[in-house]
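Close look at the chain arrangement
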Amino acid sequence: MDRVSSFDEPLKKLLGGATAKVMAEHLDLHTVGDLLHHYPRRYEERGKLTALADLPLDEHVTVVAQVADARILMFNNGRGKRLEVTLTDGSGRLQLVFFGHGVHKPHKELLPGRQAMFAGKVSVFNRKMQLAHPTYQLLDVSDADEATEAVDAFAGRLLPIYPACKQLDSWRIAKAVDAVLPSARDAVDPLPASLREGRGFTPLPEALLKVHRPQTKADIEDAKARLKWDEAFVLQVALARRRYADTQLPAAARRPVADGLLDAFDAKLPFTLTEGQEKVSKEIFDDLATEHPMHRLLQGEVGSGKTMVALRAMLAVVDAGGQAAMLAPTEVLAQQHHRSITEMLGELAEGGMLGGSEQGTKVVLLTGSMGTAARRQALLDLVTGEAGIVIGTHALIEDKVQFHDLGLVVVDEQHRFGVEQRDALRSKGKQPPHLLVMTATPIPRTVAMTVFGDLETSVLDQLPAGRSPIASHVVPAKDKPHFLARAWDRVREEVENGHQAYVVCPRIGDDAEEAEGKGGKKAKAKKAAPEEDGDKRPPLAVLEIADELRKRPLAGLTVEVLHGRMHPDEKDDVMRRFAAGDVDVLVATTVIEVGVNVPNATAMVIMDADRFGVSQLHQLRGRVGRGSAPGLCLLVSEAHEASPARARLSAVAATLDGFELSRIDLEQRREGDVLGQAQSGVRSSLRMLTVIDDEEVIAAAREEAVAIVAADPELEHLPELRTVLAALLDKEREEYLDKG
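What counts as what
- Residues numbered from 1 in each chain as written.
- Predicted model: local features only at pLDDT ≥ 70, side-chain atom pairs only at ≥ 80, totals over all residues.
- Heavy atoms only, no water.
- Helix = DSSP H or I, 4+ residues; strand = E, 2+ residues; numbered from the N terminus.
- Buried < 20%, exposed > 50% of the residue type's maximum accessible area, 1.4 Å probe, protein only.
- Contact = heavy atoms within 4.5 Å.
- Areas by Shrake-Rupley, 256 points an atom, 1.4 Å probe, with all protein chains shown as cover.
- Arc of directions from axis to C-beta.
- Pairing = 2+ DSSP bridges.
- Axes fitted to C-alpha atoms, helices over the stretch in contact; angles between N-to-C directions.
- Phe/Tyr/Trp six-rings, centres within 6.5 Å; stacked < 30°, edge-to-face > 60°.
- Core = buried A, V, L, I, M, F, W, Y, C linked by side-chain atoms within 4.5 Å.
- Parallel < 35°, antiparallel > 145°, perpendicular 65-115°, else oblique.
- Left-handed = near helix turned anticlockwise from the far one by under 90°.
- Salt bridge = Lys/Arg side-chain N within 4 Å of Asp/Glu carboxyl O.
- Right-handed = clockwise from strand over helix to strand, strands pointing away.
- Expected span 1.5 Å × (residues − 1).
- pLDDT = per-residue confidence, 0-100.
- Polar contact = N/O pair within 3.5 Å; in protein donor to acceptor, adjacent residues only side chain to side chain.

Okay, the overall build of the protein next. When its secondary structure is counted, the protein shows 29 helices and 21 strands. Across the 740 residues of the protein, 54% fall into the buried class. In the protein, of all internal contacts separated by at least 6 residues, the share reaching a separation of at least 24 is 74%. Carbon and sulfur atoms form 51% of the exposed surface of the protein, whose accessible area is close to 32600 Å².

As a further point, take helix H11 (residues 261-268). Of the positions making up H11, those classed as buried are Leu 261, Leu 262, Ala 264 and Phe 265. Looking straight down H11, one finds its buried side chains confined to an arc of 165°; they lie on one side. Of the surrounding secondary structure, the elements contacted by the buried residues of H11 are helix H12 (275-288), helix H13 (306-319) and helix H14 (331-345).

Working definition: the strands of a sheet are paired by backbone hydrogen bonds and lie parallel or antiparallel to each other. Read across the sheet, six strands follow the order E16-E21-E20-E17-E19-E18 without closing on themselves; strand pairing throughout is parallel. Each of the sheet's edge strands pairs with one partner strand only, and the pair in question is strand E16 (470-476) and strand E18 (559-562). When the angles between neighbouring strand axes are averaged without regard to direction, this sheet yields 20°. Bridge count for strand E17 (residues 500-504) against strand E20 (residues 601-606) is five bridges, and the pairing is parallel. In the strand pairing of E20, Tyr 502 is matched with Met 604. The sheet strands contacting helix H22 (residues 614-621) are E16, E17, E20 and strand E21 (631-637), and the helix crosses E20 at an angle near 150°.

Here we come to the packing of aromatic side chains. Counted under the stated rule, the structure contains five aromatic pairs. Between the aromatic rings of Phe 75 and Phe 99, the centroid separation amounts to 6.5 Å while the plane-to-plane angle is 90°, which identifies the pairing as edge-to-face. Linking Phe 75 in strand E2 (residues 60-75) with Phe 99 in strand E4 (residues 93-99), this pair joins segments that are 24 residues apart in sequence. Of the residues examined, Phe 75 reaches a relative accessible area of 31% and is grouped as partly exposed. Consider the rings of Tyr 502 and Phe 578, whose centres lie 5.0 Å apart with planes at 55°: the pair is tilted. Of this pair, Tyr 502 sits in strand E17 while Phe 578 sits in helix H21 (residues 568-579); the two residues are 76 residues apart in sequence, bridging distant segments of the chain. For Phe 578, a relative accessible area of 0% corresponds to the buried category. Joined through ring pairs, the aromatic side chains of Phe 98, Phe 118 and Tyr 136 make up one cluster.

So, on to unusual backbone geometry. Negative phi values dominate among residues other than glycine, just as trans dominates among peptide bonds. Backbone geometry places Asp 28, a non-glycine residue, at a positive phi of 60°. One non-glycine residue with positive phi stands out, namely Asp 259, at about 55°. Examined against the element boundaries, Asp 259 turns out to sit in the loop between helix H10 (217-248) and H11.

What follows concerns the nonpolar core. Counting 58 residues, the largest nonpolar core has Tyr 502, Val 585, Val 587, Ile 592 and Ile 606 as the members making the most contacts within it. Setting aside chain neighbours within four positions, we find Ile 606 in contact with Val 504, Phe 612, Leu 617, Leu 620, Cys 633, Leu 634, Leu 635 and Val 636. Core analysis: the next-biggest nonpolar cluster, separate from the first, contains 40 residues, Ala 264, Leu 288, Leu 298 and Val 318 among them.

Moving on: the packing of helix H9 (residues 204-212) against H10. Running from amino to carboxyl end, H9 crosses H10 at an angle of 125°, the nearest separation of the two axes being 8 Å. Between H9 and H10, the interaxial angle falls into the category oblique. The chirality of how H9 crosses H10 is left-handed. In contact with Leu 204, Ala 207, Leu 208, Lys 210 and Val 211 of H9, H10 contributes Asp 219, Asp 222, Ala 223, Arg 226, Leu 227 and Asp 230.

Inspection of the entire model under this criterion finds 35 salt bridges. A salt bridge links Glu 206 to Lys 210, with the shortest nitrogen-to-oxygen separation between them at 3.2 Å. Of this pair, Glu 206 and Lys 210 both sit in helix H9, four residues apart, roughly one helical turn. Judged by its relative accessible area of 15%, Lys 210 is buried. Of the charged contacts in the structure, one is a salt bridge between Lys 210 and Asp 222, with a shortest N-O distance of 3.0 Å. Of the two residues, Lys 210 sits in helix H9 while Asp 222 sits in helix H10, which places them 12 residues apart along the sequence. On the basis of relative accessibility, which here comes to 34%, the residue Asp 222 falls in the partly exposed class.

The next point concerns the pairing of E18. With four bridges joining them, E18 and strand E19 (residues 585-588) adopt parallel strand pairing. Looking across to E19, one finds that Val 561 is bridged to Val 587. For the crossover from E18 across H21 to E19, the handedness is right-handed.

What follows is about the side chain of Asp 230. Counting through the fold element by element, Asp 230 comes out in helix H10. Take Asp 230: its relative accessible area is 8%, and that puts it in the buried class.

Spatial strand order, E11-E12-E10-E13-E14-E9-E15: seven strands in an open sheet with parallel pairing. Here the strands that pair on one side only, and so sit at the sheet edges, are strand E11 (362-366) and strand E15 (456-460). Direction aside, neighbouring strands of the sheet carry axes that sit 20° apart on average. Packing of H12 onto the sheet brings it into contact with strand E9 (295-300), strand E13 (406-412), strand E14 (434-439) and E15, and relative to E15 it is tilted by some 155°.

On to H13, then. The α-helix winds at 3.6 residues per turn, so residues separated by three or four positions along the chain end up facing the same way. Between the first and last C-alpha of H13 there are 20 Å, a value that for 14 residues agrees with the 20 Å anticipated at 1.5 Å per step. The element H13 is extensively covered by neighbouring structure, given that 13 of its 14 residues are classed as buried.

Now for the confidence of the model for the protein. This prediction gives the protein a mean pLDDT of 82; 84% of its residues lie at or above 70. Looking across the protein, the model is least confident in helix H26 (residues 680-683), with a mean pLDDT of 38, and most confident in E17, with 97. Overall, residues 670-684 carries pLDDT values under 50, and its contacts beyond four positions in sequence, including any with other chains, amount to 30 contacts.

One can describe the packing of H10 onto helix H27 (residues 695-711) by two numbers: an axis separation of 8 Å at closest approach and a directional angle of 45°. Taken together, H10 and H27 sit at an angle that is classed as oblique. H27 is crossed by H10, and the crossing has right-handed handedness. Taking contact as the criterion, the partners of Lys 228, Trp 229, Ala 232, Phe 233, Gln 236, Val 237, Ala 240, Arg 241, Arg 243 and Tyr 244 in H10 are, on H27, Val 697, Ile 698, Ala 700, Ala 701, Arg 702, Glu 704, Ala 705, Val 706, Ile 708 and Val 709.

For His 26, the location among the structural elements is in helix H3 (residues 17-27). When sequence neighbours within four positions are dropped, the list of residues in contact with His 26 reads Cys 165 and Gln 167.

A word on the side chain of His 212. With respect to the element layout, His 212 can be found in helix H9. Since its relative accessible area comes to 0%, His 212 is described here as buried. There is a polar contact of 2.9 Å between the side chain of His 212 and the side chain of Tyr 162. Not counting chain neighbours up to four residues away, the residues in contact with His 212 comprise Leu 35, Leu 36, His 38, Tyr 39, Pro 40, Pro 160, Tyr 162, Val 177 and Leu 181.

Shown next as structure tokens:
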């Protein structure tokens, strides 16, 4: 067997079909290598038994304890029997119960004084904690000679507790690991020898042995340091190679032209750009001037002026003879961008039209719901080059859409846009176009290095002059109903002062549930707060809340609704009237989360705010305070004061710093959700590394990876690293990184 193939060996060969099937179906473990990389979650010490006094209700637990007594009780007039076993560990007592035919084996084995590991779900019966039908493994031996040996072997030993599932307990996984552990010596070490020795890392086979069967706590630390580094390093090498390959692609350099469209636009701006906008624009223009494609991520707080920076980049490309496309995740947002960009450009957006500027260009909108004639005209403007700028949804990437010379693609809100779509658009250019990805979701540095590791990053962290502060407060609707009444009074006061307000709900409502809901917004909103999802009432709905507001607290005001199930023309009409000030209060789903810009809207009430994630709340709040009047955001929640959901809302209310919030969000959700489905290839390779805690490891690994790839792009001198990369980058991951 060669060195790699022992890791590729299917588990069913070593473990038998039934165990291998459960591992594949419930734990996604298929090969020896998969199981060796299924690391223990924690370790139990024999001397330090799990405190029975602190067991969490309704959770699957593993405890190590001693049998205090065991007795069989009859019930149902002697027809039924149950075995009750009492465990003790010095901190508390726990009852086990076995019924029917299941009592015989434990009755023989669980004798007073025996010690064992037990696993099951904690429930309460007659006000006592209990485990019903737990699985267990004895930790002592009946034969006296063997007992001394077993105790010695077991004394001080660290028992690995593995991430398990209902169908397979931790110690069964431990037994399976024992069966494959000899293969650890065949592990291919991805680290170049100089790097491994320079950083004093344990060799990989030894690290795998230490992580699964540590003798001491120092063994665990050694193993973790090594295994974390491997994960970070292999991933960063893959990303560094991706970036290197991009620098080898040809692209047309697009250099700004003097006295062109960009200069004309800058000359009519009524304000000066912030220092941050100037700096980021320079980074972008430098990239556009090179002959390989720009791949840049532009992060900026809500309202930091990203659209202005992107528009100037698009104008520079049009000046240089190319076309620019801006991709938005929804039609509402595409229409909003089209409207604000044509307004910003004025006569410069009327190229070729009567009254248009000589330097002007045409700005066209392309969405799926356009009428045939308008669509045909837009397609014609693109293929002839008449339109320098096109704004649209994924309709832009359909096969029918042809460009004259696509030079720049701007993707708004990348996390809502599939990598395949981004790739399809890139293939529209004669050569790969330059790419600018914008997001208003602040991303912690480590996540940017991991998820967007193939993009260079620019950050806009200053707000333009004239933006107002936003006051945020949590409204505890259940504990203090009069607070909610006061919230509606505040909305009315804002309207009476000539302003407008948003009310956001997690759901659309009515029984034709739920175009936005199925796997979309509703699912997202629910998922944000797992700890409150018990038998809770359904989330509040736009249509119901709008009706209530019209009847009672906001009677007499113009209240309109906006949600994803409306016809696009209807949506556009409502947004136009809201922007024009004809609508006082807009009750909406999260369709308003991104890009909607109405400076006169000063108040926002978010109903069932605990149903949304931290970054989503931050995005929503960014819709108010966009003008000169201060903004107000009220987070309405029925969550209990001590609940994690309320803690999350208090964090949002306490700071306007999106980067601080993204960190809180990441700490609460861990990185699984952050890397998300689109990044599944990367996610599945992170077992030991946590993106939030291991910033230094990721940064150092990135530095080493960049140096190695610069010196040897094909890794010709590092065959082991090449082998491990090939295993990491199976088809799906390879595609993800290619498109990422």
